[in-house]
Amino acid sequence: MSILNLSALNLSKKIKNKELSSTEITKAFLAQTHKTNAELNSFLIITEKEALATAAKVDAKVAAGQTLEGLEGVPIAIKDNICIQDLPCTCSSRILEGFKPPYNATVIEKIKALNMPIIGKTNMDEFAMGSSTETSAFGITRNPWNTNCVPGGSSGGSAVAVSSLQAPLSLGSDTGGSIRQPASFCGVVGLKPTYGRVSRYGLIAFASSLDQIGPFSQTVEDSAHLLNVICGHDKKDSTSQNIAAEDFTANLQNPINGLKVGIPEELYNTLSGDIKEEYEKVIKKLSGEGVIFETIKLPSLDYALATYYIIAPAEASSNLSRYDGVRFGHRNKEAKSLIEMMTKSRSEGFGAEVKRRILIGSYVLSSGYYDAYYKKAQQVRTLIKEDFNKAFSTYDVIFSPTTPTPAFKIGEKSSNPLEMYLSDIMTIPVNMAGLPGISIPSSIYNGLPLGIQLVSNVLTESKLLNIANIFEKVINFNVNKNAFINT
Amino acid sequence: MTSWEAVIGLEIHAQLTTNTKTFCNCSAEFGATANTHICPVCTGMPGVLPVLNKNVVEYAIKLGLATNCSISGHNEFARKNYFYPDLPKGYQISQFDKPICLKGHMDVVVEGKESKIGITRIHMEEDAGKLVHQGSDNIKGATHSFVDLNRSSVPLLEIVSEPDIRNAKEAVAYMEKVKQILQYLEICDGNMEEGSMRCDANVSIRKKGETSLGTKAEVKNLNSFKSVEKAINLEIERQIDILEEGGTIIQETRHYNEATNSTKSLRSKEEAHDYRYFPDPDLVPIVISSEWVEEVRKSLPELPEARRNRYMADYALNEYDALYITSEKSLADFFENTLKFINKPKDIVNWLMSDVAAYIKSKQLSVNATKLTPELLAGMISLLSAGSISGKIAKDVILEIFETGKNAQQIVSEKGLAQVSDEGAIKQAIEQVLQENHESVESIKNGKVQAIGFLVGQVMKKTGGKANPGLANKLLKELLGIS
């Protein structure tokens, strides 16, 4: 078995028992990245030197007989909206041209403290606004399962990095499904933690009340280990939850007999016939293991997409005001006045989807419209939370497909934003309610992976990961990835 | 003219004297080299987040309690969105529909008449940075414009009054009262020149006896008490002229120019900004418990009224003097600190109201910014009351203290200013004076006894002001043989 096929946990074990060095591992993933990136375009920059320096540090520790912690020495890829000190951070936007943050995101501090070699920064939809990684100013990213298809988005680059074995782990961010949807499209595990579980400090904001950083991995267990690394209260983020630390790997093997799972008909009934059949097979398989599935009603979910496209753009329109050409990033040099400089810099710097959302957001916040849109949307958001809350009094988890369809063709939806928005219909309600959600691969349909999404109550990631881990074993999505290595 | 009544409301911005800024750990100190008190948070870098400084909340509670406001238990911060190069995030974090203090009031006295000015609200917000232009005093026409972000995110309280003010004098009295309370609470230095207190005035007029409000204009850029008074009077006159000529007032924002004492329109209501306020999702609501409010209430210092009453009761000061001394906290503190060295309240007050007041006014300083300390003032008063120096010499000594910071005793001995009470020396001087002033001596002998005052004056002059005047008077009379 190649290094590339090993799970992060197995890699870490092999570093600890000296079967493999962190340098060997890092070099193997870097080689795969160099080999495949020209076609896939999952990485915007590859930080080979820094990654090898970190790996060497780990190997020196091993040589000196020092004990390694957790995932120490295991490489990782980082979405390009998470700040790493002195490296360009673009959010796949021209407006951040030349910007190098003089600070690390809190998650990066943690990853650096653990000596995890960083392979590079991954491509994404511009400012995380998109579901296909096609809105990136630096080219599309291709799905390794079928390079004519999109990888999903907005964390497309991070999903592809893990899927195509360029990195055993990666970090993405999820505002309306930006981790779970590409994880599903690329056949990997993607976890969006509870809002406030992971510090947002250093994550360039799209919609502050919805954004959350989370892991991509080959296995549920790996995501649990990576969540252990990145979670925790942060004084620099007022919205981060101040709760006791826990070990998310502790309960992964707990039995799940008699588990009650709710399937919201609002989400499930929208599926087309043959895709629905694929999910019926999965449900049947899991039912055979003593899991009880019941169809439930979450009526407010019908409004989740509409309200999301009020709240997220509203926050974005304000969060993106700081890109004005004054202090950093792109500035139009020809402008003759202040207003012209700001207008031209922003017009040139932002892409079409970002502009569309700034316009929507500015509109719904403007006086006279605020009550009808923004305020109403916040009220609906409360109803969505209440619907989920009620469901969790009876059910352990909520089950649904992660996406209504497998990965679509490049260009297929880019001219129709509403159709594009619909690809997040399953994942958006979870962000609106601040809940943890995970996508795990469930089957292959026409050569493309499908995923299931599991959602649990706030701050119950431990239970969610336990259920996902058992489901993963039962589903046994075992794909020979040698094809990805040998292309 | 007299048939009109003005209706005025003030919005005052007070910059708080917390050590650090509102949402980061940078120093909030005024006057540092440009862009040295900055960090990723107050320069609006991507990905960073604000964390609220608890002292800002505490200062706001203090001011709310001192102005009889109710304190909101549930507080939210909102974003006020607009573009300007001194506003790094493209929005200012402020409070909108849930301010921390509501419905307070203050009593102000103008020409003996007391009136109650309502306070609509007080809210917390962060300041913007500062632009410096080259080639013009405005961004339009400047060849270069620089931004200094030291002030970015320094905490402010905005104090919004009810439209209860009726004339410019009352507006100034209200502002002075606000400044006084801010200083007593030690939450703002009240320095209008440095911009730590700023004011906008909303002005409208109506016929006397009417209860509905006229259309208002907002006058901005009032950077001194004098500006407030002049600009309001100017605006009232402008509005009266328009209405008397049959015109209508347009709701607008006007900019006051201190140099030309005139206002000009900045923007009309139609051109007003839409700030697209919404709750800041980066900050959680602040819950203020009644226990916290009570804790702050207990920590409140003695406020001006209470001090004034105490001075009248404990030190037998009259109301005028007590009002004067308590008008500024620094002055009242100086008074009390001087008392610790010498228990002569009336003497201290007299010096503070005369020579000290004149000096600090001429130098435009605060009482504690000179070389005169309470201990030095006490030392000087003590020499004077012991008869060691004369009142005239004392006036010179205090000037010398202001210049050098030396103590009075040292100045007196160095310059030989001690009062002369040696009879022989004074007699010698008297004899000379009598020889030089035959006419005066004659007229005294002829019954014009009041001319003796002139002769005492001459003796004082001869001795360089050092002769004990009482003794000089007594000896003169003896020598002239009058009783």
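Computed from a predicted model, the values in this text were never measured in an experiment.

Thresholds applied
Residues numbered from 1 in each chain as written. Chains lettered and ligands numbered in written order. Predicted model: local features only at pLDDT ≥ 70, side-chain atom pairs only at ≥ 80, totals over all residues. Heavy atoms only, no water. Helix = DSSP H or I, 4+ residues; strand = E, 2+ residues; numbered from the N terminus. Rg over C-alpha atoms; globule rule 2.2 N^0.38 Å. Buried < 20%, exposed > 50% of the residue type's maximum accessible area, 1.4 Å probe, protein only. Contact = heavy atoms within 4.5 Å. Areas by Shrake-Rupley, 256 points an atom, 1.4 Å probe, with all protein chains shown as cover. Lys, Arg positive; Asp, Glu negative; His and termini not counted. Charge placed at Lys NZ, Arg CZ, Asp CG, Glu CD. Domains from an automatic or database assignment. Patch = residues over 30% accessible without salt bridge, like charges linked within 9 Å, V, L, I, M, F, W, Y side chains within 5 Å. Salt bridge = Lys/Arg side-chain N within 4 Å of Asp/Glu carboxyl O. Pairing = 2+ DSSP bridges. Right-handed = clockwise from strand over helix to strand, strands pointing away. Axes fitted to C-alpha atoms, helices over the stretch in contact; angles between N-to-C directions. Core = buried A, V, L, I, M, F, W, Y, C linked by side-chain atoms within 4.5 Å. Parallel < 35°, antiparallel > 145°, perpendicular 65-115°, else oblique. Left-handed = near helix turned anticlockwise from the far one by under 90°. Nonpolar A, V, L, I, M, F, W, Y, C, P; charged D, E, K, R; others polar.

Student: Outline the overall build of chain A, supporting the account with residue identities and numerical values.
Tutor: Broken down by element type, chain A carries 17 helices and eleven strands. Taken over the C-alpha trace, chain A has a radius of gyration of 21 Å; the compact-globule value for 487 residues is 23 Å, and the two agree within 12%. Each principal axis of the C-alpha atoms in chain A carries an extent, and together these give about 65 × 55 × 45 Å. Every one of the 487 residues in chain A was classed for burial, and the buried ones make up 63%. Within chain A, contacts between residues separated by at least 24 positions form 76% of all contacts whose residues are at least 6 apart in sequence. Entry remark: accessible area of chain A is about 17,000 Å², with carbon and sulfur atoms responsible for 52%. Charge separation in chain A, taken as the distance between the mean sites of 48 positive and 47 negative side-chain charges, equals 3 Å.

Student: Tell me about the environment of Lys276(A), and please be specific about residues and values.
Tutor: All names here are of chain A. The topology assignment puts Lys276 in helix 9 (residues 273-287). On the basis of relative accessible area, Lys276 is assigned to the partly exposed category, the value being 24%. Considered as a pair, Lys276 and Pro404 are 128 residues apart in the sequence and their alpha carbons are 9.2 Å apart. Every residue in contact with Lys276, bar those within four places of it in the chain, is listed here: Tyr268, Asn269 and Leu271.

Student: Report on the domain arrangement of chain B, specifying residues and quantitative values.
Tutor: Domain parsing of chain B yields domain 1 (4-294), domain 2 (302-415) and domain 3 (423-480). A separation of 65 Å is found between the C-alpha centroids of domain 1 of chain B and domain 3 of chain B.

Student: Tell me about a nonpolar patch on the surface, and name the residues and values.
Tutor: All names here are of chain A. Taken together, the side chains of Tyr363, Tyr369 and Tyr373 present a nonpolar region at the surface, about 280 Å² in accessible area. Within the secondary structure, Tyr363 is located in helix 12 (residues 352-365). Look at Tyr363 and you get partly exposed, because its relative accessible area is 39%.

Student: Please give an account of the pairing of strand 3 (residues 118-122) of chain A that cites residues and values.
Tutor: Side-chain direction in a regular strand flips from residue to residue, so the side chains alternate between the two faces of the sheet. Residues and elements named next belong to chain A. With five of five residues buried, strand 3 lies mostly within the body of the structure. Judged from the three bridges that link them, strand 1 (residues 43-46) and strand 3 form a sheet pairing that is antiparallel. Bridge pairing in strand 3 links Ile46 to Gly120. Looking at chain direction, strand 2 (residues 76-79) and strand 3 are connected through four bridges and run parallel. Opposite Lys79, over in strand 3, you have Thr122 as the bridge partner. Between strand 2 and its parallel partner strand 3, the chain crosses via helix 4 (residues 106-113), and the hand of that crossover is right-handed.

Student: Tell me about the sheet that holds strand 5 (residues 189-192) of chain A, and please be specific about residues and values.
Tutor: Residues and elements named next belong to chain A. Here eleven strands make up an open sheet; going across it, the order is 1-3-2-4-6-5-10-11-9-7-8 and the pairing mixed. Strands with a single pairing partner mark the edges of an open sheet, and in this sheet they are strand 1 and strand 8 (292-296). Pairs of neighbouring strands in the sheet enclose a mean axial angle of 25 degrees, with direction left out of account. Packed onto the sheet, helix 13 (residues 371-392) meets strand 8, strand 9 (397-401) and strand 11 (448-455) and runs at close to 115 degrees relative to strand 9.

Student: Before we move on, could you go through the pattern of salt bridges and cite the residues and values that matter?
Tutor: Residue and element names in this part refer to chain A. Under the counting rule described, the total for this entry stands at 43 salt bridges over all chains. With its nearest N and O atoms 3.0 Å apart, the salt bridge here joins Glu353 to Arg356. Of the two residues, Glu353 and Arg356 are both situated in helix 12; the distance of three residues between them amounts to about one turn of the helix. The class of Glu353 is buried, set by a relative accessible area of 11%.

Student: Kindly report on helix 5 (residues 156-163) of chain A, identifying the contributing residues and their values.
Tutor: All names here are of chain A. Summarising burial for helix 5: eight of the eight residues are buried, a large majority. Those residues of helix 5 lying buried are Gly156, Gly157, Ser158, Ala159, Val160, Ala161, Val162 and Ser163. Of the residues one or two after helix 5, Leu165 is the one with positive phi, at around 65 degrees.

Student: Describe the nonpolar core, and please don't skip the residues or the numbers.
Tutor: Among the nonpolar cores identified, the biggest contains 141 residues, and Phe127(A), Leu171(A), Ile230(A), Phe388(A), Phe399(A), Ile438(A) and Phe471(A) are the most heavily contacted of them. With nine residues, the top contributor of residues to this core is helix 10 (residues 304-319) of chain A. In this structure Ile438(A) touches Arg180(A), Val189(A), Gly190(A), Leu191(A), Val220(A), Ile452(A), Gln453(A), Leu454(A), Leu464(A), Leu465(A) and Ala468(A), once residues within four positions along its chain are discounted. Membership of the second largest hydrophobic core comes to 66 residues, among which are Phe77(B), Ile93(B), Phe225(B) and Ile236(B).

Student: Before we move on, can you summarise the packing of helix 14 (residues 452-462) of chain B against helix 15 (residues 469-480) of chain B with the specific residues and values?
Tutor: All names here are of chain B. Relative to each other, helix 14 and helix 15 sit at 120 degrees, their axes nearing to 10 Å. Accordingly, the angle class assigned to the pair helix 14 and helix 15 is oblique. At the point where helix 14 passes helix 15, the crossing takes the right-handed sense. Of the residues in helix 15, those touching helix 14 at Ile452, Leu455, Val456, Val459 and Met460 are Pro469, Ala472, Asn473, Leu476, Lys477 and Leu480. Per-class residue counts for the contact of helix 14 with helix 15 are nine nonpolar, one polar and one charged.

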